[in-house]
Amino acid sequence: MDVTLPPTCFQCGADEAEFACSRCRKVRFCGPACQRGAWQRHQPDCRAPAALAATSSASASAAESAQQVSWAPPKVSAVASSAAAPWVDGSNRLQQALQVTVYPNVGARHGEVQVHLDAGTDFQGVREAIATAVLGMQALESVAAVRLFGLPRAGGSGPEAGGRELRSVEDLLRELSHTDGGLVASAGAPLRRRASQQPADVPALAGAPRRYDATLVGGEVLRVDGTDPELPALLRCPVPIVVSGSGMLGEAPSLWNFEYLERHISDVDNFFVLRSPATSRGRFAYYDMGPQKNPCGYPVTRTNERVEMRFPAFRKEASKVRQKKRAGKQVDSVYLQSALLHRDEQEEGPPRPVGSFGISCAVQVAKDIQKFRWDWLREQMSGRHVQTCQLFCGQEGDFSPCHYDPQDNLFGQVRGYKRVLLFHPRHLASLYPWPVNHPQDRQSRVDFDAPDLKTFPKFADLQGQGLEVVLGPGDVLHLPPGWWHHIEMLPSEPHGEVVSINFWYPAPKWFYGDPNLGESSLAWDRPLFGVKRVLFERCVEELLSQLAGPDKVPSILRQLLNGNMSAADDRSRQAFAAVKTFVGTVFPDAADQKELISEILDGRFAGLVSSVGSGGG
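Residues numbered from 1 in each chain as written. Predicted model: local features only at pLDDT ≥ 70, side-chain atom pairs only at ≥ 80, totals over all residues. Heavy atoms only, no water.

So, a positive patch on the surface
Here is step 1: On the surface, a cluster of positive charge is made up of K316, K320, K324 and K329.
Here is step 2: Its location among the elements puts K316 in helix 9 (residues 311-326).
Here is step 3: The exposed category is assigned to K316, whose relative accessible area is 56%. (Patch = residues over 30% accessible without salt bridge, like charges linked within 9 Å, V, L, I, M, F, W, Y side chains within 5 Å. Areas by Shrake-Rupley, 256 points an atom, 1.4 Å probe, with all protein chains shown as cover. Salt bridge = Lys/Arg side-chain N within 4 Å of Asp/Glu carboxyl O. Lys, Arg positive; Asp, Glu negative; His and termini not counted. Charge placed at Lys NZ, Arg CZ, Asp CG, Glu CD. Helix = DSSP H or I, 4+ residues; strand = E, 2+ residues; numbered from the N terminus. Buried < 20%, exposed > 50% of the residue type's maximum accessible area, 1.4 Å probe, protein only.)

Structure follows, in structure tokens:
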């Protein structure tokens with residue numbers, strides 16, 4: 001079922017255009033001047049057989065640009081298309097299969113998804129494939145509202161500015177004929193065009209010193225109002241957005257300073273607090289030091305330790321730290337990170353208080369949390385329940401280095417300000433994550449303060465690829481699974497206090513696939529892209545580790561890259577054969593297989609030496 005076309009002028013995009021083309025009756029104009037101006041562009045369609053669906057410039061109208069964002073693009077790979085492919089018997093279907101780059105409607109070339117379209121697909125099928133892959137839609141009645149647009153093109157005007165709404169397969173092919181061809185998918189909303197602005201009270205903070213080179217930044221994260229009708233669809237998209245003005249956090253942004261929290265949660269037995277030594281300069285990294293997490297014996301120098309303390313003790317120590325820092329002294333830092341609500345993944349319903357939180361202690365803060373807009377949140381998140389709520393209390397100048405998480409995360413800023421730098425999952429090879437069997441799995445090995453380009457040369461490819469946003473009180477940032485994020489606490493008057501609370505959702509079911517089951521476990525997308533490619537690479541590591549042992553992973557990867565197996569032991573030969581088959585099921589082309597294996601080997605193991613086995617390459 002198609003959507004009803006609005007009566008917009010084909011030339012200027014004005015609403016309520018009265019006059020239809022006298023030949024094809026499929027496009028409208030304001031009057032003779034617009035019809036003459038559009039004739040050269042409309043003539044090929046007007047003469048086409050089988051009455052092609054009307055095209056429109058409605059997306060360029062002033063009425064549709066109220067909440068629009070800049071399309072100044074970071075570098076992305078060009079779409080692979082066969083835009084010159086003829087129609088099949090005039091049936092408005094693709095003659096050849098296409099691989100299309102599609103962006104969510106966030107006003108910039110961010111969060112792209114590669115979508116495969118089979119030969120023979122009609123325009124409704126195109127919309128259904130894109131709705132599923134990009135907007136997370138399944139129901140046909142929802143798909144009917146999906147709108148597709150061409151990419152706005154910098155420096156163009158009129159038809160050359162791009163951004164036209166696409167209404168047929170021919171529109172699609174014509175759009176993909178451009179060298180920067182690609183599509184934008186909307187859940188019914190107009191196309192967003194221009195760069196979003198930070199809140200009025202943020203510009204001064206945006207100039208605070210960064211713990212990374214500013215040239216990494218290529219764009220801003222879209223800000224969406226909490227009343228935006230497209231919000232539920234955008235929260236299903238694999239791209240970060242910031243929700244502003246939602247009231248999601250209730251009264252907490254006006255209440256939760258350290259003094260208030262001390263008064264109302266001092267009766268909680270203990271919170272988990274990270275303590276970072278002065279030499280770490282406010283760096284708070286994550287370490288899993290469990291006995292099973294470092295089977296290769298990688299040398300690990302921890303930059304912080306986890307301790308337990310009551311909130312009054314934390315506040316007292318944080319106050320001393322702040323005073324010494326403002327006096328220019330090097331000093332240890334502290335960062336409180338503790339779960340308040342949680343449910344096991346197999347449990348139904350909302351999360352429950354951790355321990356006696358809100359029952360025999362912290363009663364007032366629990367009441368504050370009850371005033372959060374939980375029903376609204378569940379509606380926006382497609383009926384899903386939160387799994388964990390975690391409280392973060394820190395101070396200006398401290399930061400969490402770049403990492404990614406498997407979970408879906410809504411990150412609420414309660415007090416003070418944080419600056420977040422984000423990278424698409426496709427940049428994994430340039431961010432050099434630690435191996436799966438390392439205590440710092442899912443974290444970048446690169447020191448953003450002083451990147452070592454000799455050891456990590458691909459880090460230089462990230463210039464202009466990052467998205468940046470400053471979060472203020474009441475803002476909620478959506479972090480989809482697999483998106484890299486580096487978080488800094490900014491100057492926050494009057495006492496430098498920074499308070500956040502996040503809402504973790506279980507990782508998608510496919511994230512924890514069993515690599516031994518291969519195709520029967522997961523529906524591996526083709527082309528494999530974004531966070532699913534990250535998962536696939538993890539599965540390759542895990543399968544090698546299970547079959548041959550964690551210490552043999554890099555050496556077998558090198559042999560897979562070279563195409564021959566030289567190991568003498570049976571376990572390694574079995575692992576080599578199993579992974580070769582596993583990779584070949586998704587990457588039948590030998591060049592693609594080598595690219596994937598090289599990405600894992602160079603990205604995760606270059607320069608690493610373990611105390612067991614062969615170490616890195």
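Next comes the rest of the account.
Some points on unusual backbone geometry
Here is step 1: Here the residue pair E493 and P494 is connected by a cis peptide bond, since its omega of 5 degrees sits within 30 degrees of zero.
Here is step 2: Counting through the fold element by element, P494 comes out in the loop between strand 21 (484-489) and strand 22 (497-505).
Here is step 3: Of note, the phi angle at A362 is positive, near 50 degrees, even though the residue is not glycine.
Here is step 4: Turning to its location among the elements, A362 is positioned in the loop between strand 14 (352-353) and helix 10 (363-370).

Some words on the packing of aromatic side chains
Here is step 1: Inspection of every chain in the model, using the stated rule, returns 16 aromatic pairs.
Here is step 2: Look at F536 and F582: their rings are 4.8 Å apart centre to centre, the planes differ by 15 degrees, and that puts the pair in the stacked class. With F536 in helix 13 (residues 530-548) and F582 in helix 15 (residues 570-586), this residue pair connects regions lying 46 residues apart in the sequence.
Here is step 3: By relative accessible area, F536 is classed as buried at 0%.
Here is step 4: The class for F582 is buried, based on a relative accessible area of 5%.
Here is step 5: Put simply, the rings of W256, F372, W374 and F503 pair up and form one aromatic cluster.
Here is step 6: It is R384 that lies over the ring of Y505; its NZ or CZ is 4.9 Å from the centre. (Phe/Tyr/Trp six-rings, centres within 6.5 Å; stacked < 30°, edge-to-face > 60°. Lys NZ or Arg CZ within 6 Å of the ring centre and 35° of its normal.)

Comments concerning the pairing of strand 17 (residues 408-415)
Here is step 1: With seven of its eight residues buried, strand 17 lies for the most part within the structure.
Here is step 2: In this structure, strand 17 lies alongside strand 22, joined through seven bridges in antiparallel fashion. Paired with L410 across the strands is F503, a residue of strand 22. (Pairing = 2+ DSSP bridges.)

As for the nonpolar core
General note: in soluble globular proteins, nonpolar side chains tend to be found buried as a group.
Here is step 1: Formed by 94 residues in total, the largest nonpolar core has its most connected members in W256, F314 and F503.
Here is step 2: In terms of residue count, the dominant contributor to this core is helix 2 (residues 123-135) (six residues).
Here is step 3: Beyond its immediate stretch of four places on either side in the chain, W256 contacts L261, V365, D368, I369, F372, L391, V414, R415, V499 and I501.
Here is step 4: By size, the runner-up hydrophobic cluster in this structure holds 29 residues, among which are L547, A548, I597 and I600. (Core = buried A, V, L, I, M, F, W, Y, C linked by side-chain atoms within 4.5 Å. Contact = heavy atoms within 4.5 Å.)

Considering helix 10
Here is step 1: Listed as buried for helix 10 are V365, A366, D368 and I369. All buried residues of helix 10 fall inside an arc of 155 degrees around its axis, so they share one side.
Here is step 2: Looking at the buried residues of helix 10, the elements they touch are helix 7 (252-255), helix 8 (258-265), strand 13 (333-342) and helix 11 (374-380). (Arc of directions from axis to C-beta.)

Here we look at the pattern of salt bridges
Here is step 1: One pass over the full model with this rule turns up 30 salt bridges.
Here is step 2: In this structure, E170 engages R174 in a salt bridge whose closest nitrogen and oxygen atoms are separated by 3.8 Å. In this pair, E170 and R174 both sit in helix 4 (residues 169-176), four residues apart, roughly one turn of the helix.
Here is step 3: Owing to a relative accessible area of 28%, R174 belongs among the partly exposed residues under this scheme.
Here is step 4: E537 serves as the salt-bridge partner of R533, at 3.7 Å between the closest nitrogen and oxygen. Of the two residues, R533 and E537 both sit in helix 13, four residues apart, roughly one turn of that helix.
Here is step 5: Linked by salt bridges that have partners in common, R147, E165 and R167 make up one network.

Details of the packing of helix 14 (residues 553-562) against helix 15
Here is step 1: For the pair helix 14 and helix 15, interaxial distance at closest approach is 10 Å and the crossing angle is 55 degrees. It follows that helix 14 is oblique to helix 15 by the angle criterion. Two packed elements cross with a definite hand, and for helix 14 against helix 15 that hand is right-handed. Seen from helix 14, the contacting residues are I556, Q559 and L560; seen from helix 15, they are S572, A575, F576, V579 and K580.
Here is step 2: Counted by class, the contact of helix 14 with helix 15 contains five nonpolar, two polar and one charged residues. (Axes fitted to C-alpha atoms, helices over the stretch in contact; angles between N-to-C directions. Parallel < 35°, antiparallel > 145°, perpendicular 65-115°, else oblique. Left-handed = near helix turned anticlockwise from the far one by under 90°. Nonpolar A, V, L, I, M, F, W, Y, C, P; charged D, E, K, R; others polar.)

Brief notes about the environment of G349
Here is step 1: By the element assignment, G349 lies in the loop between strand 13 and strand 14.
Here is step 2: Since its relative accessible area comes to 17%, G349 is described here as buried.
Here is step 3: For the pair formed by G349 and Q387, sequence separation is 38 residues and the distance between their alpha carbons is 9.1 Å.
Here is step 4: Discounting residues that sit within four places of it in the chain, G349 has contacts with R343 and H385.

Points about helix 15
Here is step 1: If you check helix 15, its first and last C-alpha atoms are 25 Å apart, about what 17 residues at 1.5 Å a residue would give, namely 24 Å.
Here is step 2: Within the span of helix 15, buried status applies to S572, A575, F576, V579, F582, V583 and V586. Take helix 15 and look down its axis: the buried residues cluster within an arc of 140 degrees, on one side only. Within helix 15, the exposed residues directed more than 90 degrees away from the buried face are D570 and T581.
Here is step 3: Turning to helix 15, the residues buried within the fold contact helix 13, helix 14 and helix 16 (590-605). (Expected span 1.5 Å × (residues − 1).)

A word on the confidence of the model for the protein
Do not read the fine detail of predicted coordinates wherever pLDDT is low.
Here is step 1: A residue-level look at the protein finds 76% of positions with pLDDT of 70 or above and a mean pLDDT of 81.
Here is step 2: In this model residues 510-521 is a low-confidence stretch, pLDDT under 50, and it forms 26 contacts with partners more than four residues away in sequence or in other chains. (pLDDT = per-residue confidence, 0-100.)

A short note on the environment of Y260
Here is step 1: Of note, Y260 is situated in helix 8.
Here is step 2: The class for Y260 is buried, based on a relative accessible area of 8%.
Here is step 3: With residues near it in sequence (within four places) discarded, Y260 still touches L255, Q364, V365 and D368.
Here is step 4: At 2.8 Å, the side chain of Y260 forms a polar contact with the side chain of D368. (Polar contact = N/O pair within 3.5 Å; in protein donor to acceptor, adjacent residues only side chain to side chain.)

Observations regarding the sheet that holds strand 7 (residues 183-186)
Here is step 1: Read from one edge of the open sheet, five strands run 4-3-7-5-6, paired in mixed fashion. Strand pairing shows two members of the sheet lacking a second neighbour, strand 4 (113-117) and strand 6 (165-166), which therefore form its edges.
Here is step 2: Of the pairings in the sheet, the one linking strand 3 (residues 98-104) to strand 7 comprises three bridges and is parallel in character. Each residue of the ladder has a partner; that of V102, found in strand 7, is L183.
Here is step 3: On the sheet, helix 2 packs against strand 3, strand 4, strand 5 (147-150), strand 6 and strand 7 and is oriented at approximately 150 degrees with respect to strand 4.

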